[in-house]
Each structure stands twice: as C-alpha cells, then as structure tokens.
Number of protein chains: 2
Amino acid sequence: MVMTTDVHVRDLRYFLAVAEELHFTRAAERLYVSQPALSKQVRALERQLGVELFRRDRHGVALTGAGAALLPYARRVLDTWAEGAAAVEAVRAAQRSTLAVGMSTSPGRGGLLPAIRSRFMAEHPAATVRLRQVSWEDPSAGLADGSADVAFVWLPLPDADRYAWTVVAEEPRLVALPDTHPLAARTEVAFADLADEPFLALPPGSGPLRDYWLALEERGGRPPRIGAEIASTEETYEALVGGLGICLVASGNAPLITLGGVVTRPVRGIGPSRYALAWRREDGQRPLVRGYAEACRSVAGA
Amino acid sequence: MVMTTDVHVRDLRYFLAVAEELHFTRAAERLYVSQPALSKQVRALERQLGVELFRRDRHGVALTGAGAALLPYARRVLDTWAEGAAAVEAVRAAQRSTLAVGMSTSPGRGGLLPAIRSRFMAEHPAATVRLRQVSWEDPSAGLADGSADVAFVWLPLPDADRYAWTVVAEEPRLVALPDTHPLAARTEVAFADLADEPFLALPPGSGPLRDYWLALEERGGRPPRIGAEIASTEETYEALVGGLGICLVASGNAPLITLGGVVTRPVRGIGPSRYALAWRREDGQRPLVRGYAEACRSVAGA
DNA sequence: CTTGGTGATAACCGATGGTTATGACGACCG
DNA sequence: CGGTCGTCATAACCATCGGTTATCACCAAG
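This one's a predicted model, so the numbers in the text were calculated from it and none came from an experiment. (Residues numbered from 1 in each chain as written. Chains lettered and ligands numbered in written order. Predicted model: local features only at pLDDT ≥ 70, side-chain atom pairs only at ≥ 80, totals over all residues. Heavy atoms only, no water.)

Colleague: Explain the pairing of strand 12 (residues 262-268) of chain B to me, please; I cannot follow it from the model alone.
Modeller: Where a strand is regular, its side chains alternate between the two sheet faces. All names here are of chain B. Alignment of strand 7 (residues 173-178) against strand 12, held across 5 bridges, turns out to be antiparallel. Counted as the bridge partner of Leu 177 is Val 263 from strand 12. Pairing geometry for strand 8 (residues 189-190) and strand 12, over 2 bridges, is parallel. Bridge pairing links Val 189 to Val 267 in strand 12. (Pairing = 2+ DSSP bridges. Helix = DSSP H or I, 4+ residues; strand = E, 2+ residues; numbered from the N terminus.)

As structure tokens, this is what we get:
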C-alpha cells in the first residue's frame, strides 16, 4: 500500500507541459527529455494518483476530468516553488556578497578596521561587510561555528590546522594593574615578580589561548593563581579596579582598559603577542575572503 | 551544472518537520524514516539549493536565514499539493461511484433500462448511472475508448477476447422495407429474395458487425450491394423511405423505424440476432460493473 | 503497400532514497 | 576525571527511480 501522496515537482512540470501541448512528443522536446521518459513519468504520476490524467486515443491526447481538476493546483505548486526557490536564491546571493568579520573586542589600533574596509571595498564594491562581536568563549571569534567568515584572533589558535591566517600585529605584552598595586610604581616589571599574583583568566573552553594569556609557558610548570574569569573588556576593567587580579594585555589593547584607576607596565621575560586575521582553510579561495585578507595584509604591512 | 530547481515535495515535508522540531532524531521518527535518511535528504536539499538551511552546532539545530526564507514557501507548496491531491481524489471517488452505460441506440425493449436501473440502484444506492449515446462507428459502444464502463452491444463483438458479456435478448432479424417495395406485400420473405437488393450498411470500422447485419455468412460468398451507409436511427429511416436500400433489423428495434412509410417483415433462412450487455474483461471485478451486469441478468431472465 | 508520425514498451544504466551499523563529539553524571 | 548517553554525520549496501536508445503497434495519408 502506497501511503505517500508526495509528488516530485518535476512530474507536475511534465504534466503541465503535456496538458498545455496535448502532445507528448512536442511536450517532451519542450522539456528537453526523450518522449519515452515523458510518457513513463506521466504514467507513473497517473499510477501514483490512481487516476487517468489524459485520454490517449486515435484523435490525440486530451485531459480527463481528473487531469482538469489537477491542472490549477499543479500550476500553483510550480509557481509557489518558483517563488520559494527565488527567495532562497536571493538569500544565497546576499550571503555570497556578504563578509562576516568576527572579533572578540574591537581591534582598535588606530583605524585599522576602517582602513582595511576602505581598501577592501575598493576592490569589491558590491560587497557588504558585517562586523560581528563574538563572545570570548570562542577563541576563533566565530570561525568555528560559521558566524564569521574571517576573524581577528590571537595566536595560537586551537585546531590550528583548520585555519589559515595572516599576522596583523606583533606586540609586546604589558601587565595591567590597578594603580593602587605596589608594582604600579615601577616603570617596568619582571614577569617573575608577577608569577604569584592572582590572574584574570579567559573562560575555560578558550583552550590554549587561556594558557597563553596566563603565560603558562613562562611559569615553568608552576600553576597560576586564578583571581577571576573575564569575558569582556568591561568585566576586565572592573576586575582590575576591584583588585580581583591582574592580567597581561597586548600593547595595542592597552588603551581600552587604561582608564581611571588602571595602569599598564612593560614586562620583561615574556614573549610578544601576535594578533592575526584568520579564516577557515576551505574558504581560502572565496573571493571576498581572499580580498579581505589581501586588504588586511597591505594595510598591516604599511 | 545543475539546472533543475525541481524539488521532491517529500524533501520539503522533511525540511518542514526538521524546521518545526529543530531536532533531526525527533523529526525522523515523526516522519517514520530513519535519522540518517532524514539527515541525508536534508543535506541533499541544501546541496541542491546551494545554501545551508540549518545550522547544526553544539547547542542544537537552528534555521539559517535561507531556511527561514524557504519555510513559508515550503508550507504553501505542501498545502497546495494537499489540496490538489484531495481534488484529484474527489474526482477519483466520483468516477469510482459512477457507471457509464454506453449504447448505440436506445435499447428500448419495454422499459428494460429503467428496470435494470432500479434494481441496480437498490443494491448500490450511492452510485450514479450515466447513460452515454455512442456513435455507430464504435461497435463496442464506448468500451474500447473507455467512455463507457458497460455497454449494450450486438454480438459478435470485435476484439471479443477483451470483453465479457451477458446476453440480454436473442431476437429474430426482420427486414425493414419502404412500404412501396414489392416485397412489402408479403407477410414473410426468404433471405434469398433479398440477397440482390441494395443494403444499408454500418460504417466501415465497425468490423464484423457490419458484415453481420449484411448477413454476409448467409450469402455464401456473393458480395452484397451497398445502397448507403448509416450512422443513426434517423439516417436509417430516411434512407429506407428514400429507397436507397433495405436492411436487417432486430425485432426489438423494429418499433424504432416502423413509422410512416416503413414496414418490417420476418425473414426465413437467417439466424437470430443477439443483444448483450458487455464490459471490459479487466473491469469484471469492479463492484459497479458486476452489479449492473447482475441487475441486467435478473431483469432479462425474468 | 509503403511512409511518416503518434504514443507505448523493452532493455539497460547511473543516481536516488532508503536501510542498518558505526563514528565523532559534547553533555551529563558517577 | 572517565563512562554513558544522545546528538547528528558517515559508510556500506540495496531496491527503485528516472533517464537513455531502440523498437513496436497503430493510424492517416500518399
């Protein structure tokens, strides 16, 4: 017993062509299929519906009552589907010409973003750039879950083999302290003096990146003290002035938190940070992704 | 390059189920298919449209922009198709409960038709009987081209193996003559006296039936003279009074043409005619066909 | 009787749509 | 932590589908 009343829209298209031509051979060539294929499909449709759609006799092909009943619905289904497909195609076209740029905090760094944008738009005038703020939970800044096509990220990136990147900036890491902190009096501090301080840490799940900003490598195996977890610039600032802990920060980001009550100082004995624009490896050939990366390189290289 | 934007309606149904459940496994069991089948079909739809319909990530399944764009159209297509299928089904139901009775001329014979009809309707109160007058060109009275489900026919029937029948009446064949004809004076004539007369013949294409009413068998190989061809009772009457020829007629049909100027006389040396209700062999089990045949047998047998 | 044009049928073949079994991965929980 | 569960994806397999070309049966018209 066949329960399925589902049709292939193609069969309705075939039916409609025959209904309009009342001639299988002509309908078949209009549809660019062979006449036997058309005959077979129409018969299959008739079998599926349990009803004759056409009367074929010596005098030609004619619609039966059932065929006439089906006709308007077939037209409506085809029209509706055409509209639906067009709607989907419109979305597709829009998203093919839209580049989602992920970032955890604003890249800042003196108009970097507008500079890249204008250079990029010059090459891709039809494109749309959508900036997307991504939670610090995601060290890939939206690349992993597809919410971004390119993203400003800190190296090292987890799942590094899935991504490609170009380095935007290599900057020393500073330490951010409340201005009431004893070390705030110095113009420069050694990392060894910081090692026992409570640190503000990125959320778990940010993987190697959390370890990196805790400077795990430079600690020689001694675990850091975690003063609090931070998931935004504002939280970081509040945690600093609240004395919950201190943290490392890239020099390019220092302006974002050195507001009242917070100071940054250079740190000796610690490697620099690398900020990069990254994209999924499989997107490396997409014109917009390529174009944005090139614009980024040329701006950062200047 | 895939040109075809055609979809299988089933795929839209699958898509809709997933969009409503936002859960592949639950949607799959609602659809009574396995989860992999559902996954594969949805992916295939996405591939066909060149767009992601759902975002699958750790937090579950969600519609993408394209998916949301498609959703209302998918619903409309499904609804429209449901209506169309229902419309076809209505026609199918109607025609399953309708019996088309073909006949070349009215069977007459003293209320035969109403008697069968009332007996038939007693057994099948929901049925509809449609009488259908069929051209004399078709000796099967509509069975051959499907315009009748059962038909009153004269035996022998061409393509006899395609049909089954029950004899309604076996009647002597009379000769119909203009009353001005020399033989009209007799009360009975021998066929030998008629053999050289011009005969009115059924249209070519009526096959063995034409030969039968020309009594070809009784002529022993001598070809008849054809005075005219007739395709209706009226034509026959006019041809008779116009003197174009004479013809044989079943006694049950004699009243139809013995109007002013035409007489009928018994003929010696010629077999009787057999009038039957016939149907297509493959319809032998259809309840309405069976029922009408039974009603016919019981009326004719009484 | 042949010829041309109709739709139907046959034989064949790659793609489709389903199945079960299994995998990868995150969430939950001991 | 490590196991188990539940999620969706993948693999291997198989019947049916949807197309092809070649051919037939039939009829109208030379």
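On we go.
Colleague: Would you mind showing me how to read the relation of the copies chain A and chain B here?
Modeller: In this structure, two copies of a chain are linked by a rotation about an axis accompanied by a shift along it. Expressed as a screw transformation, the operator carrying chain A onto chain B has a rotation angle of 180 degrees and an axial translation of 0.3 Å, and the superposed copies differ by an RMSD of 0.4 Å. Expressed as an axis order, the relation between the two copies is that of a two-fold axis. Rotation axis and chain A: the residue whose C-alpha lies nearest the axis is His 8 of chain A, separated from it by 2.1 Å. Here 97% of the contact residues of chain A are again contact residues in chain B; the copies associate through an equivalent surface. (Least-squares fit on C-alpha atoms with pLDDT ≥ 70 in both. Contact = heavy atoms within 4.5 Å.)

Colleague: Mind showing me how you'd approach the domain arrangement of chain A here?
Modeller: Reports of interface size often rely on the accessible area that becomes lost once the parts have come together. Residues and elements named next belong to chain A. Domain boundaries assigned for chain A yield domain 1 (9-95), domain 2 (97-167 + 275-301) and domain 3 (173-271). Measuring from the centre of the C-alpha atoms in domain 2 to the corresponding centre in domain 3 gives 26 Å. For the domain 2 and domain 3 pair, buried surface summed over both sides reaches about 1200 Å², with 67% attributable to carbon and sulfur atoms. For the interface between domain 2 and domain 3, the tally reads 0 salt bridges. Joining domain 2 to domain 3, the criterion identifies 0 residue pairs in polar contact (both at pLDDT 80 or more). (Domains from an automatic or database assignment. Buried area = accessible area lost by both parts, 1.4 Å probe. Salt bridge = Lys/Arg side-chain N within 4 Å of Asp/Glu carboxyl O. Polar contact = N/O pair within 3.5 Å; in protein donor to acceptor, adjacent residues only side chain to side chain.)

Colleague: Sorry, what's going on with the interface of chain A and chain B here?
Modeller: Counting residues at the interface gives 32 residues for chain A and 33 residues for chain B. Taken over both partners, the interface formed by chain A and chain B buries close to 3100 Å², and the fraction arising from carbon and sulfur atoms is 64%. A per-residue breakdown of the area chain A buries against chain B is headed by Asp 6, Trp 81 and Val 88 of chain A, which together make up 22% of the total. Here chain A and chain B share 4 salt bridges between them. Across the pair Arg 13 of chain B and Asp 6 of chain A runs a salt bridge whose closest N-O atoms are separated by 2.5 Å. Counting every contact that joins chain A to chain B gives 8 residue pairs in polar contact (both at pLDDT 80 or more). Looking at the side of chain A that touches chain B, the elements with two or more residues in it are helix 1 (9-21) and helix 4 (65-96) of chain A. Its residues assigned to classes, the side of chain A that touches chain B shows 15 nonpolar, 9 polar and 8 charged. (Nonpolar A, V, L, I, M, F, W, Y, C, P; charged D, E, K, R; others polar.)

Colleague: How do you make sense of the protein's contact with DNA strand C when you look at a structure like this?
Modeller: As a structural note, the neighbourhood of DNA strand C is formed by 17 residues, with Phe 24, Thr 25, Ser 39 and Arg 43 of chain A together with Ser 34 of chain B the closest of them. Near the protein, meaning within 4 Å, the atoms of DNA strand C are sugar or phosphate in a fraction of 63%, with bases accounting for the rest. Between His 23 of chain A and DNA strand C, the recorded distance is 3.3 Å, taken from a side-chain N or O atom to a phosphate oxygen. Arg 43 of chain A has a polar side-chain atom sitting 2.6 Å from a phosphate oxygen of DNA strand C. Split into classes, the residues belonging to the surface near DNA strand C amount to 7 nonpolar, 6 polar and 4 charged. (Near = heavy atom within 4 Å.)

Colleague: Even after reading the chapter, I still don't get the pairing of strand 9 (residues 198-201) of chain B, so can you show me in this structure?
Modeller: All names here are of chain B. Both faces of strand 9 are covered, namely the face carrying Pro 198 and Leu 200 and the face carrying Phe 199 and Ala 201. Two elements, strand 9 and strand 10 (residues 225-229), share 4 bridges in a ladder whose sense is parallel. Bridging from a neighbouring strand, Leu 200 pairs with Ala 228 of strand 10. (Buried < 20%, exposed > 50% of the residue type's maximum accessible area, 1.4 Å probe, protein only.)

Colleague: So what exactly am I meant to see when it comes to unusual backbone geometry here?
Modeller: Leaving glycine aside, a negative phi is the common case for residues, and trans is the common case for peptide bonds. In this structure, Pro 156 of chain B follows Leu 155 of chain B across a cis peptide bond, with omega equal to 0 degrees. Summarising the element assignment, Pro 156 of chain B is placed in the loop between strand 5 (150-155) and strand 6 (163-171). Positive phi outside glycine occurs at Tyr 32 of chain A, with the angle close to 60 degrees.

Colleague: What exactly am I supposed to notice about the sheet that holds strand 8 (residues 189-190) of chain A here?
Modeller: Paired through backbone hydrogen bonds, the strands of a sheet run either parallel or antiparallel to each other. Residues and elements named next belong to chain A. The sheet built from 4 strands is open, its strands ordered 8-12-7-11 with mixed pairing. The strands lining the two open edges of the sheet, one partner per strand, are strand 8 and strand 11 (247-250). Judged from the 4 bridges that link them, strand 7 (residues 173-178) and strand 11 form a sheet pairing that is antiparallel. If you follow Arg 173 over to strand 11, its bridge partner there is Ala 250.

Colleague: Would you mind showing me how to read the protein's contact with DNA strand D here?
Modeller: Close contacts around DNA strand D come from 17 residues, with Ser 34 and Lys 40 of chain A together with Thr 25, Ser 39 and Arg 43 of chain B the closest. The sugar and phosphate moieties of DNA strand D supply 64% of its atoms located within 4 Å of the protein. Separating a base nitrogen of DNA strand D from a side-chain N or O atom of Gln 35 of chain B is a distance of 3.0 Å. Within the side chain of Arg 43 of chain B, one N or O atom sits 2.5 Å away from a phosphate oxygen of DNA strand D.

Colleague: What's the story with helix 10 (residues 287-301) of chain A in this structure? I'm lost.
Modeller: Working note: α-helix, 3.6 residues per turn, so residues spaced by three or four point in the same direction. Residues and elements named next belong to chain A. Compared with an ideal rise of 1.5 Å per residue, which puts 15 residues at 21 Å, helix 10 spans 21 Å between its outermost C-alpha atoms and is within 8% of the ideal. All of the buried residues in helix 10 are Leu 288, Val 289, Gly 291, Tyr 292, Ala 293, Ala 295, Cys 296 and Val 299. Buried residues belonging to helix 10 abut helix 4, strand 3 (98-103), helix 5 (112-123), strand 5 (150-155), strand 6 (163-171) and strand 13 (273-280). (Expected span 1.5 Å × (residues − 1).)

Colleague: Where do I start with the side chain of Arg 265 of chain A in this structure?
Modeller: Residue and element names in this part refer to chain A. Along the chain, the position of Arg 265 falls in strand 12 (residues 262-268). Despite its burial, Arg 265 pairs with no opposite charge, the nearest such side chain being Asp 179 at 8.4 Å. There is a polar contact of 3.0 Å between the side chain of Arg 265 and the backbone oxygen of Ala 184. One polar contact links the side chain of Arg 265 to the main-chain carbonyl oxygen of Arg 186, over a distance of 2.7 Å. (Lys, Arg positive; Asp, Glu negative; His and termini not counted.)

Colleague: In this structure, what is going on with the packing of aromatic side chains? I would like to understand it.
Modeller: For any two aromatic rings, the description comes down to two numbers: the centre-to-centre distance and the angle of the planes. Residues and elements named next belong to chain B. Under the criterion given, the structure shown has 14 aromatic pairs over all chains. Ring geometry for Phe 15 versus Phe 54: centroids 5.5 Å apart, planes at 45 degrees, classification tilted. Remark: Phe 54 occurs in strand 1 (residues 54-57) and Phe 15 occurs in helix 1 (residues 9-21); sequence separation between them is 39 residues. The exposure class of Phe 15 is buried, given its relative accessible area of 0%. (Phe/Tyr/Trp six-rings, centres within 6.5 Å; stacked < 30°, edge-to-face > 60°.)

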